[in-house]
Amino acid sequence: GGEYEAVAMSGGNIVASTQFKVGGKRDVIPNAGMDDWSKYSVEGLMVGGEVSYPNKADGEKFWVSGNNKQTPNLCSANSVSGVNGARCAMLKGASALGIFAAGNLFTGEMAFGTSFTAMGCGYARFGQKYTFTARPSALRVRLKANIGTMTHIGANDPLKDKEHIKGQTKDVARIYYCITDWRERHTVQGGMQLDKNTLWNPAEQSAVSEGKIIGYGLIDITENTDWKELSIPVIWYDTVAKPMEGNYSLVISVASSTYGDYLTGSTESSLCVEDFEWVY
């Protein structure tokens, strides 16, 4: 869908040029504007109930979050000043029974422990099957951030009492995305029974046990910011993989507190996002 100019140079001078337009449309990310919301039922011991999520209709689960009966507004529809369209997704940390949960939104599935032995467990299963018709150069998103001071430090936080000090350390929000070639979703076990072996960071690894990470983009947000657009460039691990030829899935993950997996973060932090789109 873009218009381009190609030129031939000789001795610093343009000796020939032509213009052309690429046909087709950019690959669409479902409900990228975060305008459509519906309800779905969460199963889980102590946390089961009906919650909201940003999908057009019941049963559609491209986007999910850790919303549950105890913390139902980790991801919520909001019409804050300056929003494009009807609504955005607001991610905001919360505490239930003294346990911190980061505001979060991601593509994939979310499940909770349904037995006493798994009580307090959350299972974030990352990725949705996605067809790429072209190789993007970046992911653009519109956001608004309020970064608070950490109100909770988890017992398993590796930076506890070092870089992370309650009431002193500023929180950090994060947005990352991955283009993957996975056999199945990668599952992170978090909550009260964190399995550190399931944690992953696409900036530090080009694969997980389920398969390759083709490329990723990541940005940390450390300061308050009013609405603005950010383009997060793709960093390619695999420069050969072609659109339409792989078993690709798309991971987009947004969190108001980067260390939320360790139950660390701030209930004062919030991150609003909308208008996800590919840049070519």
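The preceding data block contains the structure.
The rules we used
Residues numbered from 1 in each chain as written. Predicted model: local features only at pLDDT ≥ 70, side-chain atom pairs only at ≥ 80, totals over all residues. Heavy atoms only, no water. Pairing = 2+ DSSP bridges. Helix = DSSP H or I, 4+ residues; strand = E, 2+ residues; numbered from the N terminus. Axes fitted to C-alpha atoms, helices over the stretch in contact; angles between N-to-C directions. 1 Å grid on protein atoms, 1.4 Å probe; cavity = no way out; pocket = protein on both sides within 12 Å on 5 of 7 lines; lining within 4 Å. Points joined across faces, edges and corners; volume = space filled by probe spheres on them. Nonpolar A, V, L, I, M, F, W, Y, C, P; charged D, E, K, R; others polar. Buried < 20%, exposed > 50% of the residue type's maximum accessible area, 1.4 Å probe, protein only. Core = buried A, V, L, I, M, F, W, Y, C linked by side-chain atoms within 4.5 Å. Contact = heavy atoms within 4.5 Å. Lys, Arg positive; Asp, Glu negative; His and termini not counted. Salt bridge = Lys/Arg side-chain N within 4 Å of Asp/Glu carboxyl O. Polar contact = N/O pair within 3.5 Å; in protein donor to acceptor, adjacent residues only side chain to side chain.

S.K.: What should I look at first to understand the sheet that holds strand S18 (residues 225-233) in this one?
M.R.: Within a sheet, adjacent strands bond to each other through the backbone by hydrogen bonds, running parallel or antiparallel. Spatial ordering of the open sheet is given by S6-S7-S21-S13-S18, a layout of five strands whose pairing is antiparallel. Each having just a single partner strand, strand S6 (75-78) and S18 make up the two edges of the open sheet. Looking at each pair of strands side by side, their axes are set apart by 30 degrees on average, direction ignored. Sheet topology note: the strand S7 (residues 88-92)/strand S21 (residues 270-279) ladder contains four bridges and is antiparallel. Note on S21: the bridge partner recorded for Lys 92 is Ser 270.

S.K.: In this structure, what is going on with the layout of surface pockets? I would like to understand it.
M.R.: If a probe the size of a water molecule is rolled over the atoms, the empty space left behind becomes visible. Reported here for the largest pocket is a volume of approximately 1300 Å³. What lines the largest pocket is a set of 48 residues, among which Gly 190, Gly 191, Gly 260, Asp 261 and Leu 263 lie closest to the centre. Among the elements that take part in the lining of the largest pocket, strand S11 (residues 121-126) stands out by supplying five residues, more than any other. Within the lining of the largest pocket, the residues separate by chemical class into 29 nonpolar, 16 polar and three charged. A volume near 280 Å³ is recorded for the second largest pocket. Surrounding the second largest pocket, Gly 1, Gly 2, Tyr 4, Val 22, Gly 23, Gly 24, Lys 25, Arg 26, Thr 133, Ala 134, Val 279 and Tyr 280 form its lining. The class makeup of the residues in the lining of the second largest pocket is five nonpolar, five polar and two charged.

S.K.: I keep staring at the pairing of S21 and nothing clicks. Help me out?
M.R.: A regular strand carries its side chains on alternate faces of the sheet. Taking burial as the measure, the 10 residues of S21 include eight buried ones, the bulk of the element. Bridge count between strand S13 (residues 138-146) and S21: eight bridges; the pairing is antiparallel. If you follow Asn 146 over to S21, its bridge partner there is Ser 270.

S.K.: Whenever I open this one, the nonpolar core confuses me. Can you help?
M.R.: In globular proteins that are soluble, nonpolar side chains generally tend to be buried together. Grouped together as the largest cluster of nonpolar side chains are 35 residues, with contacts concentrated most on Ile 29, Val 273 and Phe 276. Residue assignment for this core shows that the elements contributing at least two residues are S7, S13, strand S14 (173-182), strand S17 (211-221), S18, strand S20 (248-255) and S21. Contacts of Phe 276, omitting those with residues within four sequence positions, involve Ile 29, Ala 32, Met 34, Trp 63, Leu 139, Arg 140, Val 141, Ile 252 and Val 254. Membership of the second largest hydrophobic core comes to 19 residues, among which are Tyr 53, Val 188, Trp 200 and Val 251.

S.K.: Just to check I follow, could you spell out unusual backbone geometry for this structure?
M.R.: Excluding glycine, a negative phi dihedral is what most residues carry, and trans is how most peptide bonds are arranged. Positive phi outside glycine occurs at Met 46, with the angle close to 75 degrees. Secondary-structure assignment places Met 46 in the loop between strand S3 (38-42) and strand S4 (49-53). Residue Leu 97 is not a glycine yet carries a positive backbone phi of 55 degrees. You can see Leu 97 is positioned in the loop between strand S8 (94-96) and strand S9 (99-101).

S.K.: Honestly, the pairing of S4 in this entry has me stumped. Any pointers?
M.R.: Note that S3 and S4 share five bridges and pair antiparallel. Directly across from Val 42, in S4, lies its bridge partner Gly 49. Remark: six residues form the turn of the hairpin made by S3 and S4, two consecutive strands paired antiparallel; Met 46 in that turn has positive phi of roughly 75 degrees.

S.K.: I keep staring at the side chain of Asp 27 and nothing clicks. Help me out?
M.R.: With respect to the helices and strands, the residue Asp 27 is situated in the loop between strand S2 (13-21) and S3. Of the side chains with opposite charge, Arg 26 lies nearest to the buried Asp 27, which makes no salt bridge, at 9.1 Å. At 2.5 Å, the side chain of Asp 27 forms a polar contact with the side chain of Thr 133. With residues up to four places along the chain from it excluded, the contact list for Asp 27 reads Tyr 130, Thr 131, Phe 132, Thr 133, Ala 134, Trp 278 and Tyr 280.

S.K.: Any chance you could explain empty space enclosed by the protein here in plain terms?
M.R.: Counted by the stated rule, this structure contains one cavity of 30 Å³ or more. The computed volume of the largest cavity comes to approximately 90 Å³. As for the largest cavity, its lining consists of Phe 132, Ala 134, Arg 135, Pro 136, Ile 179, Ile 214, Trp 236, Ala 241, Lys 242, Pro 243 and Tyr 248. Looking at the lining of the largest cavity residue by residue, the classes come out as nine nonpolar, no polar and two charged.

S.K.: Sorry if this is basic, but what is going on with the side chain of Thr 264 here?
M.R.: Along the chain, the position of Thr 264 falls in the loop between S20 and S21. Only 2.8 Å separates the side chain of Thr 264 from the side chain of Asp 157, close enough to count as a polar contact. Sequence-distant contacts of Thr 264, that is, excluding residues within four places in its chain, are made with Phe 100, Met 150, His 152, Ile 153, Gly 154, Asp 157, His 164, Ser 257 and Tyr 259.

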